[in-house]
Structure formats: C-alpha cells, structure tokens
Amino acid sequence: MTINPLSARAGRPPAVAAIRRRKWRNRAAVAFFLAPSAIPLLLFTAGPMLSSLWISLHSWDLISPMRWVGLANYTHLLGDGDTRAAFLHTVYFIVGYLPLVYVGGLALALALNRRMRGRSILRSVYFLPVVTSWVMVSLTWKWILSPDGGLLNRALAAVGLPSPDWWASPTWALPSVILASAWKDLGFVMVIMLAGLQAIPQELYEAATIDGAGAWQRFRRITLPLLSPSTYFVVLISLINGFQVFDQVFVMTGGGPAGSSRPVVEEVYDLSFRYGQVGTGSALSWLLFVVIMVVTVVMTRIQRRWVTHA
C-alpha cells in the first residue's frame, strides 16, 4: 500500500502546523529587529570587504580602469622589504604595548577595587581617556614628548637625565606611540579587570586567609586564575587592536622618521592613497586580515589550557 505524500501533508495534525507557523513568525520577528543593524553591516562592512578582495586581484590607481593581475599583488608583497618592515614595526608595537596596558590596567583595577574615598571619581578619571578621540590624545602626547621643550623632556632635564628626541628619532618614535597608546587604553583594561575582580567570591579570600595564605599567595592562587577569562579577553582585543594601529601613528609620527614607525595599516594607506597602488594596498589589508584571523584562532585554541572558569 502506497501513501500519497500530498494526502499525508494534508492530514498533518493541526498542532504541528501551528508550531511551524509560530516558528516562522518568530524568525520573521527576529529578522525584523535585526534588519536595522544587519543591513548597514552588510552594506558598509561586508560589501566593502568583498570589494577590496576583488580590487586586490587588480592593478588600479583610482583613476584608470582596473587591470586584472591575479595574485601578482600578493606575491609582490610577500617578497617586499617594506612589507616585512611594516609587519615588524607592528609586532614591535604589540610587544611594547601589550605588557604595559595589561599590567597597568590590572594594577589600577586592584587599587580601585578597594574601599577608599573618591573611588568612583577616580574610576571615571582613569576611564576618561578611553572615550577621548585618538587625534586629541595623539596631539597631546606629541606636545608632551616634543623634543624641543616638551613637558617630559623638561622634567628629565630638571633631574639631570638625558632628553631623547622621542617621536623625532628613529629609535624613539615607536616607543613614543606605545606610551600614548598604553595611556589611552589603561582605563578600558581597568574596567574589564574590575568586573572580573568583583565576580570573584570573597569567601575564597577569607578561607585562604584562615589557612594562613599571604597577600601574594592569595593573588597568585586565587586572583590570577579566576581573572583568566578577563585576561584572555583583554589580551585578544589588545592584539587585534595592536595589529590595526594607525591613528596615533598617523598623527604623531606619520610613519617616520624615515619609515621607522610605519605599521601595516599605515603602509596600506600609503600604498592606496599616496602612491596610487590601490590593488596592492587592498592585498596588504587582506594579508593583515589573515594574520589577525590566525592569531585569533590560535588564542581561542590555547585559552582552553589556561583560562579558568569559576
């Protein structure tokens, strides 16, 4: 005996049909509420990304018609000394920036997690640079680190210490950018670490104190392990931001002197808008995207070994 599928569907219980209609209504409601953010995301993020991928396979100067070159832009960049230097400068920035911003933010969080007068005001003051524009912060630090009578050099000269040329020196240009960047982002790390500290049960500290654990032991055995989710988040976000460093470099040093502080994004900007090699600049941006994706995947994999969830 054969069963007609149409008759089987027609004989479907009303409850099943009602459940399916309810699911479709729920999906439609979700799509309706996501549309205001999803549509601009597709138009202004996904669309330009796919366009840049297409452009990276061409030779284009923004004026002449595009000319197909395939993977030639990528092979050129992989063997280019300026590209290697830009990646090295970016890694140099991350190596200097990440420990400063993490240790400084953690120290601030530990200090401001204690009961003290004006604690809320201090938290707001330290967080204020985070919401300040990069241009303003960069110009302020460019003045502070000015080789000609800058605030920091005056202070160093007053105590008899040498005064570096800071952003005007190939040796000190990137450290100048690192100082400004770490100062601006300390408040962000502080807030994340404060949230992690306040989520740690106080009973653990009380039990450790009764067992005779000192302050250092409590910090090493309780605080650091239970802060590992916050640490993972801060490190990952700081790595991603570090690979994309641009604003402060553009304002403070312009990638100089003599290209000594030019990171990858600055190289993308120069290739695309200064030298008219938009295809090569797009290819470099995709190489950077691949590097960031690899770092993110590796961090996600290894975090399972050291991140402790309470």
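Relevant structure appears above.
This write-up is about the structure you can find in this document. Just so we're clear, the structure is a prediction, and the values are computed from it rather than from any experiment. (Residues numbered from 1 in each chain as written. Predicted model: local features only at pLDDT ≥ 70, side-chain atom pairs only at ≥ 80, totals over all residues. Heavy atoms only, no water.)

### Describing the overall build of the chain
- Along its length, the chain carries 14 helices and 2 strands.
- At 27 Å, the chain has a C-alpha radius of gyration far larger than the 19 Å of a compact globule built from 310 residues.
- If one aligns the C-alpha atoms of the chain with their principal axes, the spans along those axes are about 100 × 75 × 35 Å.
- Counting over 310 residues, the chain shows a buried share of 37%.
- Taking contacts inside the chain between residues at least 6 apart in sequence as the whole, the part at least 24 apart equals 66%.
- Total accessible area on the chain stands at roughly 18,700 Å², and carbon and sulfur atoms take up 67% of it.
- Distance between charge centres in the chain, computed from 26 positive and 13 negative side chains, equals 20 Å. (Helix = DSSP H or I, 4+ residues; strand = E, 2+ residues; numbered from the N terminus. Rg over C-alpha atoms; globule rule 2.2 N^0.38 Å. Buried < 20%, exposed > 50% of the residue type's maximum accessible area, 1.4 Å probe, protein only. Contact = heavy atoms within 4.5 Å. Areas by Shrake-Rupley, 256 points an atom, 1.4 Å probe, with all protein chains shown as cover. Lys, Arg positive; Asp, Glu negative; His and termini not counted. Charge placed at Lys NZ, Arg CZ, Asp CG, Glu CD.)

### Let's talk about the environment of Gly279
- Position of Gly279 among the secondary structure elements: in helix α14 (residues 278–306).
- On the basis of relative accessibility, which here comes to 1%, the residue Gly279 falls in the buried class.
- Distance from Gly279 to Leu108, taken between C-alpha atoms, is 44 Å for residues 171 residues apart in sequence.
- When neighbours within four sequence positions are excluded, Gly279 is seen to be in contact with Ile55, Ser56, His58, Trp60 and Asn73.

### A word on the pattern of salt bridges
- All chains considered together, the criterion is met by 3 salt bridges.
- Measuring nitrogen to oxygen at the nearest pair gives 3.8 Å for the salt bridge that ties Arg262 to Glu267. Both residues of the pair, Arg262 and Glu267, belong to the buried class.
- A salt bridge links Arg262 to Asp270; the nearest nitrogen and oxygen atoms lie 2.9 Å apart. Asp270 carries the same exposure label as Arg262, and that label is buried. (Salt bridge = Lys/Arg side-chain N within 4 Å of Asp/Glu carboxyl O.)

### Thoughts on the layout of surface pockets
- A volume near 470 Å³ is recorded for the largest pocket.
- As for the largest pocket, its lining consists of Leu110, Ala111, Asn113, Arg114, Leu197, Gln198, Gln202, Tyr205, Ala215, Arg218, Phe219 and Thr223.
- Contributing elements (two or more residues each) for the lining of the largest pocket: α4 (81–112), α8 (173–198), α9 (202–210) and α10 (215–226).
- Looking at which element gives the most residues to the lining of the largest pocket, the answer is α10, with 4 residues.
- The residue makeup of the lining of the largest pocket, split by class, is 6 nonpolar, 4 polar and 2 charged.
- In this structure, the second largest pocket spans a volume of roughly 390 Å³.
- If you trace the second largest pocket, you find 15 residues lining it, with Gln244, Ser285, Leu288, Phe289 and Ile292 closest to the centre.
- Contributing elements (two or more residues each) for the lining of the second largest pocket: α2 (14–55), α13 (264–274) and α14.
- Among the elements that line the lining of the second largest pocket, the one with the most residues is α14, at 6 residues.
- Looking at the lining of the second largest pocket residue by residue, the classes come out as 12 nonpolar, 3 polar and no charged. (1 Å grid on protein atoms, 1.4 Å probe; cavity = no way out; pocket = protein on both sides within 12 Å on 5 of 7 lines; lining within 4 Å. Points joined across faces, edges and corners; volume = space filled by probe spheres on them. Nonpolar A, V, L, I, M, F, W, Y, C, P; charged D, E, K, R; others polar.)

### Digging into unusual backbone geometry
- Here the bond from Gly256 into Pro257 is cis, since omega is -5°, no more than 30 degrees from zero.
- A positive phi is found at Leu62, a non-glycine position, where the angle reads about 75°.
- Along the polypeptide, Leu62 turns up in the loop between β1 (58–59) and β2 (67–68).
- With a relative accessible area of 45%, Leu62 lands in the partly exposed category.
- Unusually for a residue other than glycine, Ala258 sits at a positive phi of about 55°.
- Position of Ala258 among the secondary structure elements: in the loop between α12 (247–252) and α13.
- A residue is classified by how much of its surface remains accessible, and Ala258, at 86% relative accessible area, is exposed.

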